[in-house]
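So the chains spell out like this:
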Amino acid sequence: MSVSTAASVQDICAPLPVLGCDVTVPLVTGGEVTYAALDYAASAPALQRVWDDVAAYAPYYGSVHRGAGYLSQLSTDLFENARATVAEFLDCRADDQVVFTRSTTDSLNLLAAALPAGCRVFVFETEHHASLLPWRDARVTCLDAPRTPGQAVETLERALADRDPHGPALVCVTGASNVTGELWPVRELAAAAHAHGARIVLDAAQLAPHHPVSARDLDVDWVAFSGHKLYAPFGSGVLAGRADWLRAADPYLAGGGASRRVTRREDGGVDVEWHDGAARHEAGSPNVIGAHSIASACKALTEAGFDTLVARERQLIEKVRTGLADVPQVRILSLFGDDAPRVGVISFVVDGWNSSHFAAALSAEYGIGVRDGLFCAHPLVRTLLGGASEAPGECGAPEAAPGEKSLNAIRVSFGAGTPDEHVDRFVAAVRELVTDGARWTYRTQGGRCVPAV
């Protein structure tokens, strides 16, 4: 790390202003405290800059693409300029398409619907379900979790070499794990895929908010990410990349906007000529505010400077990992080891604690929001914990009662808007809970661990 760990985080840069930074929440033990939002990997708070840009546009809201009025024309320009901003943010190639979707999940399901016939899909068991599950009509090969970046490349190369070399193939890989935060060797995996005639899509949901993503430099064919992890509001996402498979596929949704020309036939049927560009897969009235908010977030992160943001986040990561390492009962989950580069996503378990119980105590007694469960990455968490597939524990709804062992973990995640005070409070709370125990009684209700009243 180039920045001295002795230096204060504020010596690098201040956290970016985000909504909710001054919200207070009640504690079950009495009183209130400023909420520490440490669940960025699920949804990052919206940047104040993004919210201000959306508010400034809201009075000028209008339907896009087909309206003759001034507000419609303004909204159309805003929407298409957002597409250009995202393309620049991802360093797309000149002939790449940027399609606006609802989320990373939606983006990858769109790509799955556009796969050519007979396409083979290769995906590691370490993927988020958004990357693991969309490929219903394809022949899917699920690869074992690697234990080093080099092993990931070797595993993929062997799998691709064993396939029928004449058919189309797609590799789907994350840029940064939503469980361990570890960075994956995307450039090397892309080179292996292309060497064997396959294409590759990058799930950048956890990578794009933390590191610059260049489709050109990484040499990936597509990039998918979500606005709500990139400091924009819910309900917007992006699929950007090669146009040919998308152009050849039937529209993801059939309807207005996707169609260029519709005519009645004499037999009573309908003939449709579909658009070839991004509009082909953006039927219906688009989420203009969502696209605008993503573009605003892209600009804000670029202007803040990823070098500075990454340096600051590295200090926060080091502070959390060092603090957790000082508590012997805590085990941090990792595929690639302690020295692996990572983003601000750290999962761990605590000896003698059900993870849901621990997370509930952090919230109720300290005002700290983390996540517990399997993080929509069931195979990976089960592999890291060494559990059988039928063991208790599921994404967000653990079955075990407080104090009982369950197959789930605790995840703390942070980013550009996280004050260092929140990280300090989290580390101190973990140490105090492990040393002194919870100060309140908890019970299971509706699949969640909650304070008993």
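Right above here is the structure, for reference.
Since we're looking at a predicted model, the values are computed, not measured.

A look at the side chain of Ser214
Then, number 1: As for its placement among the helices and strands, Ser214 is situated in the loop between strand 8 (199-203) and helix 7 (215-218).
Then, number 2: On the accessibility criterion, Ser214 (15% relative accessible area) is buried.
Then, number 3: The contacts of Ser214, once residues within four sequence positions are left out, are Leu90, Asp91 and Asp219.

Brief notes about helix 3 (residues 104-113)
Then, number 1: Counting buried positions along helix 3 gives 7 out of 10 residues, so the element sits mostly inside the fold.
Then, number 2: All of the buried residues in helix 3 are Thr104, Asp106, Ser107, Leu108, Leu110, Leu111 and Ala112.

Digging into the packing of aromatic side chains
Then, number 1: Under the counting rule described, the total for this entry stands at 9 aromatic pairs.
Then, number 2: On the numbers, 6.2 Å between centres and 45° between planes, the contact of Phe89 with Phe306 is tilted. One end of the pair, Phe89, is in helix 2 (residues 70-89); the other, Phe306, is in helix 10 (residues 306-325), and 217 residues separate them in sequence. Each member of the pair, Phe89 as well as Phe306, carries the same accessibility label: buried.
Then, number 3: On the basis of an interplanar angle of 85° and a centroid distance of 4.9 Å, the ring pair of Trp353 and Phe358 is categorised as edge-to-face. The pair formed by Trp353 and Phe358 is uniform in burial state, with each residue classed as buried.
Then, number 4: Lying over the aromatic face of Tyr366, Arg439 brings its terminal NZ or CZ to 5.1 Å of the ring centre.

Comments concerning helix 12 (residues 378-385)
Then, number 1: All of the buried residues in helix 12 are Leu380, Val381, Arg382, Leu384 and Leu385.
Then, number 2: In this structure, the buried residues of helix 12 make contact with strand 13 (330-332), strand 14 (345-350) and strand 16 (371-373).
Then, number 3: The first or second residue beyond helix 12 is Gly386, which carries a positive phi of 70°.

Brief notes about the side chain of Ser293
Then, number 1: Within the element layout of this structure, Ser293 appears in helix 9 (residues 288-304).
Then, number 2: Since its relative accessible area comes to 1%, Ser293 is described here as buried.
Then, number 3: For Ser293, the side chain forms a polar contact with the main-chain oxygen of Gly290, separated by 2.7 Å.
Then, number 4: Setting aside residues up to four positions removed in sequence, Ser293 forms contacts with Val50, Val54, Ala232, Pro233 and Ser236.

Section: the sheet that holds strand 13
Then, number 1: If you walk across this open sheet you meet the 4 strands as 13-14-17-16, and the pairing is antiparallel. In the strand order of this sheet, the two ends are held by strand 13 and strand 16, each with one partner. Looking at each pair of strands side by side, their axes are set apart by 30° on average, direction ignored.
Then, number 2: Across 3 bridges, strand 16 lies against strand 17 (residues 409-413) in antiparallel orientation. Pairing of Asp372 across the sheet is with Ile410, part of strand 17.
Then, number 3: Sitting on the sheet, helix 10 touches strand 13, strand 14 and strand 17, and the angle it makes with strand 14 is about 10°.

Here's the deal with unusual backbone geometry
Then, number 1: One non-glycine residue, Asp219, lies in the positive phi region at around 60°.
Then, number 2: Relative to the assigned elements, Asp219 resides in the loop between helix 7 and strand 9 (222-226).
Then, number 3: Backbone geometry at Phe375 places phi at a positive 60°, although glycine is not the residue there.
Then, number 4: Topologically, Phe375 is positioned in the loop between strand 16 and helix 12.

A look at the packing of helix 11 (residues 355-366) against helix 13 (residues 420-436)
Then, number 1: The interhelical angle for the contact between helix 11 and helix 13, taken along N-to-C directions, is 115°, at an axis separation of 11 Å. Handedness of the crossing formed by helix 11 with helix 13: right-handed. For the pair formed by helix 11 and helix 13, the contact residues are Phe358, Ala361, Leu362, Glu365 and Tyr366 on the first element and Arg425, Phe426, Ala429, Val430, Glu432, Leu433 and Val434 on the second.
Then, number 2: Here the contact of helix 11 with helix 13 is built from residues that sort into 9 nonpolar, no polar and 3 charged.

Structural notes on empty space enclosed by the protein
Then, number 1: Using the criterion set out here, one finds 3 cavities of 30 Å³ or more in the structure.
Then, number 2: Counted as a void, the largest cavity has a volume near 50 Å³.
Then, number 3: Lining the largest cavity, in full, are Pro209, His210, Tyr231, Phe306, Leu309, Glu313, Gly415 and Ala416.
Then, number 4: For the lining of the largest cavity, a count of residues per class yields 5 nonpolar, 2 polar and 1 charged.

Reading the values: rules and limits
Residues numbered from 1 in each chain as written. Predicted model: local features only at pLDDT ≥ 70, side-chain atom pairs only at ≥ 80, totals over all residues. Heavy atoms only, no water. Helix = DSSP H or I, 4+ residues; strand = E, 2+ residues; numbered from the N terminus. Buried < 20%, exposed > 50% of the residue type's maximum accessible area, 1.4 Å probe, protein only. Contact = heavy atoms within 4.5 Å. Phe/Tyr/Trp six-rings, centres within 6.5 Å; stacked < 30°, edge-to-face > 60°. Lys NZ or Arg CZ within 6 Å of the ring centre and 35° of its normal. Polar contact = N/O pair within 3.5 Å; in protein donor to acceptor, adjacent residues only side chain to side chain. Pairing = 2+ DSSP bridges. Axes fitted to C-alpha atoms, helices over the stretch in contact; angles between N-to-C directions. Left-handed = near helix turned anticlockwise from the far one by under 90°. Nonpolar A, V, L, I, M, F, W, Y, C, P; charged D, E, K, R; others polar. 1 Å grid on protein atoms, 1.4 Å probe; cavity = no way out; pocket = protein on both sides within 12 Å on 5 of 7 lines; lining within 4 Å. Points joined across faces, edges and corners; volume = space filled by probe spheres on them.

Purely geometric stuff here, so don't read any function into it on its own.
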